[in-house]
Amino acid sequence: MQSGRNHDCMSLKTPSPIFNHPILETLKKCKSLSTLKQIHAQMITTGLVFHTFPISCILRLCSRFSLTYALGIFSQVPNQSIFLYNTLISSICNYNHHVHIVMALYTRILYQPHIRPNSYTFPSLFKVFCSHPWFRHGQALHTHVLKFLGSNYDPFVQASLINYYSKCGKLGYCRYLFDQIRQPDLAMWNTMLSAYSRSGAGDANFINGFGSVEDADLSLEVLNLFRKMQCSLVKPNEVTFVALIGACADLGALSEGIWAHVYLSKHKLGLNRFLVTALVDMYAKCGSLSMAFELFDEFPQKDELCYNAMISGFATHGHGHRALDLFKRMGLEGLSPDDVTLAVTISACSHVGLVKEGCSLFESMEKDHKITPKLEHYSCLVDLLGRAGLLKEAEERIQNMPMKPNAFLWRSLLGAARLHGDLVLGEVALEHLIELEPETSGNYVLMSNMYARIGKWEDVNRVRRLMKQKGIDKLPGCSLIEIHGVVHEFFTRDKRHPRSVEIYLKMEEMNEKLQAYGYTPSTHEVLFDIEEEEKEDALSYHSERLAIAIGLIALQLTVPIRIIKNLRVCSDCHVSTKLISKIYGREIIVRDRNRFHHFRNGTCSCLDYW
């Protein structure tokens with residue numbers, strides 16, 4: 001065997017690399033730095049270090065154990081090739097994420113006249129630039145892609161660019177790049193679908209409720225993009241369905257979610273923990289808690305994420321005791337709760353007023369679970385105390401926090417102050433919210449509702465003038481209902497629907513029957529100082545009422561009417577929906593921005609605690 005050793009020029013031998021050398025087979029089984037050093041010594045004595053491929057193998061493995069040792073080996077390589085640079089950069093990105101070192105290596109490439117970055121260089125670099133505070137370097141790197149590769153770069157670089165821009169929240173750039181591809185492969189479709197899905201969801205929705213109208217738009221685009229993917233004849237895989245099912249969850253699109261579940265079973269795509277977690281979350285967010293728990297309970301490989309999804313489902317449906325039982329079961333199965341687990345469990349306590357249990361969980365975080373409470377946990381705790389009317393305790397928690405309170409926390413306190421009529425505390429919370437979120441209309445509306453409830457119309461007008469001065473419009477109420485696989489959208493007094501005439505006739509019928517039952521509209525939260533008759537009219541055509549009307553018209557008696565609303569259900573709609581469920585003998589499931597309300601036979605699952 002020729003060693004290739006040449007002490008004068010010390011150049012690497014590229015012809016006929018020894019891919020199956022016994023030393024390389026030993027290297028594959030290496031599990032410690034000391035063993036790797038012994039193998040490295042054997043490579044030196046046998047001359048393997050003068051071949052490019054063996055050096056790439058040891059660099060790749062060495063980066064896992066000791067970056068210093070890997071850089072030492074690399075520094076001894078004469079005539080370093082772009083292949084070895086790419087190998088080292090990729091290894092560092094996979095195991096260490098030392099961005100400064102990666103950038104230094106890339107800078108060395110640029111200053112060497114005999115090598116140029118290629119298609120294998122950039123994906124690893126974009127991977128490390130996907131995290132803050134390195135976002136800004138990625139755009140400069142994009143110009144290097146155009147400089148060194150031109151406009152016709154390969155799919156791996158395209159995928160890394162799309163992934164980078166999605167992590168930066170620049171979905172417009174992502175879609176532009178994606179649309180330039182004539183025939184996207186499966187990886188490219190998945191990258192784009194995941195970009196939309198990731199931007200519209202996450203742990204925040206587990207903790208803070210459901211997504212916004214903007215999130216719904218992104219989720220709709222996932223469904224549209226998936227349909228285009230089907231037309232392209234590219235077959236979806238498990239990654240595709242994680243994104244698709246997540247979009248169905250955000251939209252409350254139960255029939256599409258069931259279709260996805262059936263597709264997975266029919267095409268024998270294995271239900272791994274990521275898919276099961278997505279399905280559990282989807283069924284829970286679509287109002288089918290029993291199906292969510294059945295799937296969860298039957299899956300043998302549950303992890304923390306799966307438990308988080310199920311506990312969150314119990315929380316938003318108002319099953320605090322079941323959430324606590326599941327939290328205990330998690331510990332019995334040897335799984336340790338993470339920060340999300342504790343947040344959603346405290347939130348579950350908040351939804352049903354389990355103050356003692358929720359506070360106990362919060363106090364146990366550092367003591368029993370070695371988890372330092374974050375803003376999310378303090379927000380859940382303040383919400384728990386505030387809903388229960390313990391406003392002084394909630395305010396004290398905020399004042400004694402080790403970090404600066406965020407907008408969600410102050411909004412929880414404002415909501416509690418509105419619920420319990422504490423004007424002074426509400427004004428304090430609003431003052432902080434205006435400082436943190438001066439353009440968020442919901443903060444002003446909460447305060448206006450508080451003033452309107454006690455008839456302080458001058459203060460209502462003052463808040464409205466403040467909104468006008470700042471150019472802030474009230475976020476319109478919007479409700480979605482799925483009928484036979486089609487999602488219908490309604491706003492207050494909406495007349496765009498093709499069956500609008502039928503809907504408004506049904507609305508008149510509903511109002512007549514409500515009055516016959518003795519229903520009196522609760523007008524105290526209508527924001528205008530107008531006549532009572534006008535207030536009642538304003539309440540009668542809220543978006544969820546229109547959605548209920550089309551549900552009564554189009555859905556069979558045995559099918560629940562499932563509605564998603566972007567705002568909190570107002571007290572008047574809550575009362576009227578309870579009565580409508582009794583009058584028409586229908587189950588009505590409403591998902592507002594915070595939780596689920598299951599209306600049956602004149603009652604609601606929240607027991608009027610929401």
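Cut-offs used in this document
- Residues numbered from 1 in each chain as written.
- Predicted model: local features only at pLDDT ≥ 70, side-chain atom pairs only at ≥ 80, totals over all residues.
- Heavy atoms only, no water.
- Helix = DSSP H or I, 4+ residues; strand = E, 2+ residues; numbered from the N terminus.
- Buried < 20%, exposed > 50% of the residue type's maximum accessible area, 1.4 Å probe, protein only.
- Contact = heavy atoms within 4.5 Å.
- Areas by Shrake-Rupley, 256 points an atom, 1.4 Å probe, with all protein chains shown as cover.
- Lys, Arg positive; Asp, Glu negative; His and termini not counted.
- Charge placed at Lys NZ, Arg CZ, Asp CG, Glu CD.
- Axes fitted to C-alpha atoms, helices over the stretch in contact; angles between N-to-C directions.
- Parallel < 35°, antiparallel > 145°, perpendicular 65-115°, else oblique.
- Left-handed = near helix turned anticlockwise from the far one by under 90°.
- Nonpolar A, V, L, I, M, F, W, Y, C, P; charged D, E, K, R; others polar.
- Pairing = 2+ DSSP bridges.
- pLDDT = per-residue confidence, 0-100.
- Salt bridge = Lys/Arg side-chain N within 4 Å of Asp/Glu carboxyl O.
- Expected span 1.5 Å × (residues − 1).
- Patch = residues over 30% accessible without salt bridge, like charges linked within 9 Å, V, L, I, M, F, W, Y side chains within 5 Å.
- Core = buried A, V, L, I, M, F, W, Y, C linked by side-chain atoms within 4.5 Å.
- Phe/Tyr/Trp six-rings, centres within 6.5 Å; stacked < 30°, edge-to-face > 60°.

## With respect to the overall build of the protein chain
(1) Moving on: Counting its regular elements, the protein chain contains 31 helices and six strands.
(2) Moving on: Residues counted as buried form 53% of the 610 residues belonging to the protein chain.
(3) Moving on: In the protein chain, of all internal contacts separated by at least 6 residues, the share reaching a separation of at least 24 is 67%.
(4) Moving on: Working note: accessible area of the protein chain is about 28800 Å², and carbon and sulfur atoms make up 54% of it.
(5) Moving on: For the protein chain, the distance from the average position of its 65 positive side-chain charges to the average position of its 61 negative side-chain charges is 9 Å.

## A few points about the packing of helix α14 (residues 238–251) against helix α15 (residues 254–266)
(1) Moving on: At a closest axis distance of 8 Å, the pairing of α14 and α15 adopts a crossing angle of 155°. Considered as vectors, α14 and α15 are oriented roughly antiparallel to each other. When you trace α14 past α15, the crossing you get is left-handed. Taking contact as the criterion, the partners of Phe241, Leu244, Ile245 and Cys248 in α14 are, on α15, Glu256, Gly257, Trp259, Ala260, Tyr263 and Leu264.
(2) Moving on: Looking at the contact of α14 with α15 residue by residue, the classes come out as eight nonpolar, one polar and one charged.

## Points about the sheet that holds strand β1 (residues 478–483)
(1) Moving on: Spatial ordering of the open sheet is given by β2-β1-β3-β4-β5-β6, a layout of six strands whose pairing is mixed. Strands with a single pairing partner mark the edges of an open sheet, and in this sheet they are β2 (486–491) and β6 (603–604).
(2) Moving on: One ladder, built from four bridges, connects strand β4 (residues 588–591) with strand β5 (residues 596–600); its direction is antiparallel. Pairing of Ile588 across the sheet is with Phe599, part of β5.

## A closer look at the confidence of the model for the protein chain
(1) Moving on: Taken residue by residue, the protein chain gives an average pLDDT of 86. The fraction at 70 or more is 91%.
(2) Moving on: Residue range residues 13–17 is modelled with pLDDT below 50. Its contacts to residues more than four positions away, or to other chains, number nine contacts.
(3) Moving on: Counted against residues more than four places away or in other chains, residues 527–537, with its pLDDT under 50, gives 19 contacts.

## What to know about the pattern of salt bridges
(1) Moving on: All chains considered together, the criterion is met by 22 salt bridges.
(2) Moving on: The partner of Lys456 in a salt bridge is Asp459, with the nearest N and O atoms 3.4 Å apart.
(3) Moving on: In this structure Lys456 comes out as partly exposed when scored by relative accessible area, which is 34%.
(4) Moving on: Residue class for Asp459 comes out buried when judged on its relative accessible area of 17%.
(5) Moving on: Among the salt bridges present, the one from Arg462 reaches Asp459, with a minimum N-O distance of 3.3 Å. Of this pair, Arg462 and Asp459 both sit in helix α27 (residues 457–469), three residues apart, roughly one helical turn.

## Comments concerning unusual backbone geometry
(1) Moving on: The phi angle at His484 is positive, at roughly 55°, despite the residue not being glycine.
(2) Moving on: Mapping His484 onto the fold places it in the loop between β1 and β2.
(3) Moving on: A residue is classified by how much of its surface remains accessible, and His484, at 67% relative accessible area, is exposed.
(4) Moving on: One non-glycine residue, Leu607, lies in the positive phi region at around 55°.
(5) Moving on: Topologically, Leu607 is positioned in the segment after β6.
(6) Moving on: Leu607 gets classed as exposed once you look at its relative accessible area, which sits at 72%.

## Overview of the packing of helix α26 (residues 441–453) against α27
(1) Moving on: Put simply, α26 and α27 touch, their axes get as near as 8 Å, and they point 165° apart. As summarised for this structure, α26 and α27 are arranged roughly antiparallel, according to the angle between their axes. Judged by the twist between their axes, the crossing of α26 over α27 is left-handed. For the pair α26 and α27, contact is made by Ser441, Tyr444, Ser448, Tyr451 and Ala452 and by Trp457, Asp459, Val460, Arg462, Val463, Leu466 and Met467, respectively.
(2) Moving on: Looking at side-chain class alone, the contact of α26 with α27 contains eight nonpolar, two polar and two charged residues.

## Considering helix α31 (residues 571–583)
Note on helix geometry: an α-helix contains 3.6 residues per turn, so any two residues three or four positions apart are oriented the same way.
(1) Moving on: If you check α31, its first and last C-alpha atoms are 19 Å apart, about what 13 residues at 1.5 Å a residue would give, namely 18 Å.
(2) Moving on: Among the 13 residues in α31, ten count as buried, and that is most of the element.
(3) Moving on: Backbone geometry just after α31 places Gly585 at a positive phi near 60°.

## Section: the environment of Val99
(1) Moving on: With respect to the secondary-structure elements, Val99 resides in helix α6 (residues 99–111).
(2) Moving on: You can call Val99 buried: its relative accessible area is 8%.
(3) Moving on: Leaving out residues up to four positions away in the same chain, Val99 has contacts with Val128, Phe129 and Trp134.

## Observations concerning a nonpolar patch on the surface
(1) Moving on: Taken together, the side chains of Val242, Phe274 and Leu305 make up a nonpolar region of the molecular surface, amounting to roughly 230 Å² of accessible area.
(2) Moving on: By the element assignment, Phe274 lies in helix α16 (residues 273–285).
(3) Moving on: You can call Phe274 partly exposed: its relative accessible area is 44%.

## Considering the nonpolar core
(1) Moving on: Formed by 161 residues in total, the largest nonpolar core has its most connected members in Phe241, Ile245 and Met282.
(2) Moving on: Once residues within four sequence positions are removed from consideration, Phe241 is found in contact with Phe226, Pro236, Trp259, Ala260, Tyr263, Leu264, Leu269 and Leu275.

## Things to note about the packing of aromatic side chains
(1) Moving on: In the structure shown here, the tally under the stated rule is 15 aromatic pairs.
(2) Moving on: Pairing Tyr106 with Phe122 gives two aromatic rings, centres 6.2 Å apart and planes at 65°, and the pair type is edge-to-face. Pair noted here: Tyr106 is in helix α6 and Phe122 is in helix α7 (residues 122–128), with a separation of 16 residues, a long-range link.
(3) Moving on: The class of Tyr106 is buried, set by a relative accessible area of 7%.
(4) Moving on: Among the aromatic residues, those joined into a ring-pair cluster are Phe126, Tyr164, Tyr165 and Tyr173.

## What about the pairing of β1?
(1) Moving on: Of all the six residues making up β1, six are buried; the element is thus mostly covered by neighbouring parts of the structure.
(2) Moving on: The alternating pattern of β1 places Cys478, Leu480 and Glu482 on one face and Ser479, Ile481 and Ile483 on the opposite face, and all of these are buried.
(3) Moving on: Pairing of β1 with β2 involves six bridges; the strand directions are antiparallel. From the neighbouring strand, Cys478 faces β2, where its bridge partner is Phe491.

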